[in-house]
Amino acid sequence: LYSIDNTLEELEHQLNPKLFFRANRQFILCHTCIVSLKNYFNGKLKVLTTPASKEDIVVSREKTGSLKSWMNAKAFERYSQSTRQLDNNEKLDYPK
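Parameters and conventions
Residues numbered from 1 in each chain as written. Predicted model: local features only at pLDDT ≥ 70, side-chain atom pairs only at ≥ 80, totals over all residues. Heavy atoms only, no water. Pairing = 2+ DSSP bridges. Helix = DSSP H or I, 4+ residues; strand = E, 2+ residues; numbered from the N terminus. Axes fitted to C-alpha atoms, helices over the stretch in contact; angles between N-to-C directions. Salt bridge = Lys/Arg side-chain N within 4 Å of Asp/Glu carboxyl O. Buried < 20%, exposed > 50% of the residue type's maximum accessible area, 1.4 Å probe, protein only. Phe/Tyr/Trp six-rings, centres within 6.5 Å; stacked < 30°, edge-to-face > 60°. Lys NZ or Arg CZ within 6 Å of the ring centre and 35° of its normal.

Q: Describe the sheet that holds strand 4 (residues 45–49), and please don't skip the residues or the numbers.
A: Spatial ordering of the open sheet is given by 3-4-5, a layout of 3 strands whose pairing is antiparallel. Among the strands making up the open sheet, the edge pair consists of strand 3 (34–39) and strand 5 (57–59). With strand direction ignored, the average angle separating the axes of adjacent strands in the sheet is 30 degrees. Strand direction decides the pairing type here: strand 4 and strand 5, joined by 3 bridges, are antiparallel. Looking at the pairing, Lys 46 lines up with Val 58 of strand 5.

Printed below as a string of structure tokens:
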């Protein structure tokens, strides 16, 4: 745990939105901490993280679309990076 003097809203504006997502009034999530998303009541999502949170992290029905889009963008970015690395490695591995 970290103690900060800023509000979550102030912190949210300081963080890179490609790396962090405001899940609700209590939580800002880093993409690397998300383990899985579980369907919750009334179209909400429950987020499982590592390290595990003592409190449930629930994303409202209104924000679930944004969270999924953000997660898909991160997945595509990781895929693109791994493909570029694979292409670069293939160029290095093949004899001329």
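Additional details are given in the paragraphs that follow.
Q: Run through the pattern of salt bridges, naming residues and quoting values.
A: Scanning the model with the defined rule gives 3 salt bridges in all. Salt-bridge contacts for Lys 46 lead to Asp 56; the nearest nitrogen and oxygen are separated by 3.3 Å. On the criterion of sequence distance, the pair formed by Lys 46 in strand 4 and Asp 56 in the loop between strand 4 and strand 5 is long-range, its members being 10 residues apart. On the basis of relative accessible area, Lys 46 is assigned to the partly exposed category, the value being 22%.

Q: Could you give an account of the packing of aromatic side chains, with specific residues and numbers?
A: The final tally for this structure, using the stated rule, is 2 aromatic pairs. A ring pair is formed by Phe 21 and Trp 70, whose centres lie 5.5 Å apart and whose planes are at 35 degrees; its orientation type is tilted. Of this pair, Phe 21 sits in strand 1 (residues 20–22) while Trp 70 sits in helix 2 (residues 61–93); the two residues are 49 residues apart in sequence, bridging distant segments of the chain. Comparing Phe 21 with Trp 70, the two get one shared label, buried. Geometrically, the ring pair formed by Tyr 40 and Phe 41 is edge-to-face, given 5.0 Å between the ring centres and 65 degrees between the ring planes. Owing to a relative accessible area of 31%, Tyr 40 belongs among the partly exposed residues under this scheme. We note Lys 63 situated over the ring of Phe 21; from NZ or CZ to the ring centre the distance is 5.7 Å.

Q: So what's going on with the pairing of strand 3? Which residues, and what values?
A: As paired elements, strand 3 and strand 4 share 5 bridges and run antiparallel to each other. Across the sheet, the residue bridging to Leu 37 is Val 47, located in strand 4. The loop that links strand 3 with its antiparallel partner strand 4 comprises 5 residues; one of these, Asn 42, has a positive phi angle of about 55 degrees.

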